[in-house]
Amino acid sequence: MYCLGLMSGTSVDGIDAALVKITGKELDVKLELLWGINHHYPEKLRQKILEVAGGKPLSMEEWSQLDEEIAFSFFEAVEIIRGKYPNIDLIASHGQTVYHRPPLKKKLGYTMQLGRGEIITNLTGIPTINNFRGADIAAGGQGAPLVSKIDAYVLSHPHYYRCVQNIGGIGNVTYLPAKKEEKWENKILGWDTGPGNVLIDLTVQKLTKGQKTYDNNGEWAAQGTSNQPLIEKWLKEDFFQQKPPKSTGRELFGQDYLEKCWQDAQTYDLSETDFLATITDLTAASIVDSYQKCLKQPIDEILLCGGGSHNLYLRKRIQDRCPKTTIVKTTDEVGMNSDFKEAIAFAVLGYWRYITHTPGNLPQVTGAKQAVLLGEIHLPL
Ligand SMILES: Nc1ncnc2c1ncn2[C@@H]1O[C@H](COP(=O)(O)OP(=O)(O)O)[C@@H](O)[C@H]1O
Ligand SMILES: [Mg+2]
């Protein structure tokens, strides 16, 4: 089965498309990544998405147009892949998140991914699954993270206790107990750790007046020194204190949050470079701090993935904050492409939905009342 996973996260850095050959039954899946690409949005569309994700109101007409434009960009990504691999059996499209509201007490969450599945299926003639998060939200869950079950069946180790840490715009983790443990599946945990690259990217854009969008390999931050009192203050934020299940987005960790951090930093008279180092270190601290708060078991390995795994300063700060016995590496080192891991995971979720009818969420991670089938099916004419 050739399944194409399409994913665009909160960073809005473009659409990741991963063509995966999937074999196996239900949870016993075997994956082979055949090709992965990052397809950029046209700059105007990217700006529009960022504005909407930042809270800009739209008329229904503008809204519909945006939903369609995003679908067309996803279609372009499919066409590039199809140029080399004409036989795609299934498309699993996460779409573009523009809004995410976690559930609150008795109120259900709400999440919105744009890029209409029916248009993608109509243009390509390929069955398409989209809107993966809705069913989990309707079952009372966070709708995120959804990759935990795939992580569990592809990256768990017989003896090592692992954390699979994705660093996209937002960070999310899957804790994988060693399989030697009795009922290890029941002990899997996962949650959003907070900002991944989002605050780092916003800082770089602010300091370069939009000339740059990210800190390449963390080289800029590496020249600075992070300010620990500021990080301790920022870690008091409610989100970091909450216990899982929890999820977040740009609604909390966006421009306004960064401006507050910038104001706080004025008290310390930080240089621009030190400010970027501090913001980067906040991401590292929020990740490691959440492990210390939520996990009883020491971690043998942290497996990084997502764009933030290329930020070497961030990676170093994660390592520095962990006990010496914890090894930090990327998922590439255990056979899973770190840039396309999320897109690959959605390909598997699509396969589970369409082929094996396997629920994709882990209720102990998302907080949903039960395991449910994820995604809506769109069939070609
Ligand atoms: N070489 C790099 N050095 C530092 N950061 C990088 C590098 N490559 C990608 N990134 C960061 O990763 C982000 C994209 O990560 P990604 O996993 O695609 O997130 P999302 O799922 O939110 O789209 C970019 O916005 C950038 O901040
Ligand atoms: Mg991305």
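In this convention, every chain numbers its residues from 1, walking through the sequence in written order. The order in which chains are written sets their letters, starting at A; the order in which ligands are written sets their numbers, starting at 1. It should be noted that, the model being predicted, local features are given only for residues of pLDDT at least 70 and side-chain atom pairs only at 80 or more, the latter also being counted only at that level, while totals for whole chains, interfaces and linings use all residues.

### Topic: the pairing of strand β1 (residues 2–8)
With six of seven residues buried, β1 lies mostly within the body of the structure. A strand pair is defined by DSSP finding two or more bridges across the two strands. Counting from the N terminus, the helices are DSSP H or I runs at least four residues long and the strands are E runs at least two residues long. Where β1 lies against strand β2 (residues 15–25), six bridges are found, and the strand directions are antiparallel. When the bridges of β2 are listed, C3 appears paired with V20. Note: β1 against strand β4 (residues 90–101), five bridges, orientation parallel. Across the sheet, residue L4 finds its bridge partner in β4, namely I91. Working definition of burial: number of other C-beta atoms within 10 Å of the residue's own, with buried at 20 or more, exposed at 12 or fewer, and partly exposed in between, all C-beta atoms being placed from the backbone.

### Notes on the environment of F275
Here F275 is to be found in helix α11 (residues 272–294). F275 gets classed as buried once you count the C-beta atoms within 10 Å, which come to 23. Distance in space between the C-alpha atoms of F275 and K206 is 11 Å, their sequence separation being 69 residues. Look past the residues within four positions of F275 in its chain and what remains in contact with it is T203, A265 and L270. Residues are scored as being in contact if the C-beta atoms we place from backbone atoms lie within 7 Å.

### A few points about the domain arrangement of the protein
Where each domain begins and ends follows an automated or database-derived domain assignment. What the domain assignment lists for the protein is domain 1 (2–143 + 340–378) and domain 2 (148–334). Computed from C-alpha coordinates alone, the two centres of domain 1 and domain 2 are separated by 23 Å. Of all the secondary structure elements, the ones that give two or more residues to the side of domain 1 that touches domain 2 are β3 (28–39), β4, α13 (341–356) and α14 (363–366). If you tally residues by element for the side of domain 1 that touches domain 2, the top one is α13, at four residues.

### Remarks on the environment of N197
Relative to the elements of secondary structure, N197 occurs in the loop between β9 (189–195) and α6 (198–207). Along the chain, N197 and I167 lie 30 residues apart, while their C-alpha atoms are 6.7 Å from each other. Look past the residues within four positions of N197 in its chain and what remains in contact with it is S11, I167, G168, G169, Y214, G307 and G308.

### Quick look at the nonpolar core
Within the largest apolar cluster, 52 residues are counted, with the highest numbers of intra-cluster contacts made by L4, L6, A92, A347 and V348. At ten residues, α13 tops the list of elements feeding residues into this core. Once residues lying within four places of it in the same chain are set aside, the contact partners of L4 are A17, L19, V78, I81, I88, I91, A92 and A347. Each nonpolar core reported here comprises buried Ala, Val, Leu, Ile, Met, Phe, Trp, Tyr and Cys residues connected via C-beta atoms within 7 Å. W191, L202, L230 and I299 belong to the second-largest nonpolar core, a separate cluster that totals 43 residues.

### Quick look at the site of ligand 1
We count a residue as near a molecule or strand when its backbone-placed C-beta atom lies within 6 Å of that partner. With respect to spatial proximity, 21 residues lie near ligand 1, and among them G9, S11, G168, G169 and G307 are the closest. A per-class count over the shell around ligand 1 returns two nonpolar, 15 polar and four charged. Counting residues domain by domain, the shell around ligand 1 receives three or more from each of domain 1 (2–143 + 340–378) and domain 2 (148–334). Each residue gets one label: Ala, Val, Leu, Ile, Met, Phe, Trp, Tyr, Cys and Pro are nonpolar, Asp, Glu, Lys and Arg are charged, and the others, such as Gly, are polar.

### Overview of helix α3 (residues 117–124)
An α-helical turn contains 3.6 residues, so a residue and the one three or four places further along point in the same direction. Inspection of α3 places G117, I120 and T121 among the buried residues, and these make up the whole buried set. With its buried residues spanning 95° around the axis, α3 presents them on a single face. Tucked inside the fold, the buried residues of α3 contact α2 (60–84), β4, β6 (128–130) and β12 (376–378). This arc is built from the directions going out from the helix axis to the C-beta atoms.

### Things to note about helix α5 (residues 148–155)
Summarising burial for α5: six of the eight residues are buried, a large majority. Within α5 the residues assigned to the buried category are S148, K149, I150, D151, A152 and V154. As for α5, its buried residues are in contact with β3, β7 (162–167), β8 (170–176), β9, α13 and α14.

### Describing the packing of α11 against helix α12 (residues 312–321)
Axis definition: a line fitted to C-alpha atoms, limited for helices to the stretch in contact. Angles are taken between N-to-C directions and run from 0 to 180 degrees. Where α11 meets α12, the closest approach of the two axes is 9 Å, and the angle between their N-to-C directions is 40°. Classified by the angle between their axes, α11 and α12 sit oblique to one another. Handedness of the crossing formed by α11 with α12: right-handed. Residues T280, D281, T283, A284, A285, I287 and V288 of α11 touch α12, and the partners they reach there are Y313, L314, R317, I318 and R321. Among the residues making up the contact of α11 with α12, the classes are represented as seven nonpolar, two polar and three charged. Oblique is the label for any angle not under 35 degrees, not over 145, and not in the 65 to 115 range, which are roughly parallel, roughly antiparallel and roughly perpendicular in turn. Here a crossing is taken to be left-handed if its near helix is turned anticlockwise relative to the far helix by less than a right angle, and right-handed if that turn runs clockwise.

### Considering the packing of α2 against α3
A pair of packed helices is characterised by two quantities: the angle between their axes and the separation of those axes. Two numbers describe how α2 lies on α3: the axes approach to 9 Å, and their chain directions differ by 40°. Relative to α3, α2 is oriented oblique. Crossing handedness for the pair α2 and α3: right-handed. Across from E68, A71, F74, F75 and V78 in α2, the residues of α3 making contact are I119, I120, L123 and T124.

### A word on the pairing of β9
With respect to burial, β9 is a largely interior element, six of its seven residues being buried. Pairing of β8 with β9 involves six bridges; the strand directions are antiparallel. Each residue of the ladder has a partner; that of I170, found in β9, is P195.

### Points about unusual backbone geometry
The omega torsion of the bond from A144 to P145 falls at -15°, within 30 degrees of zero and hence cis. Relative to the assigned elements, P145 resides in the loop between α4 (134–138) and α5. Residue P244 is joined to P245 through a cis peptide bond whose omega torsion reads 0°. Within the chain, V12 stands out as a residue other than glycine whose phi angle is a positive 55°. Of note, V12 is situated in the loop between β1 and β2. For V12, a count of 23 C-beta atoms within 10 Å puts it in the buried group.

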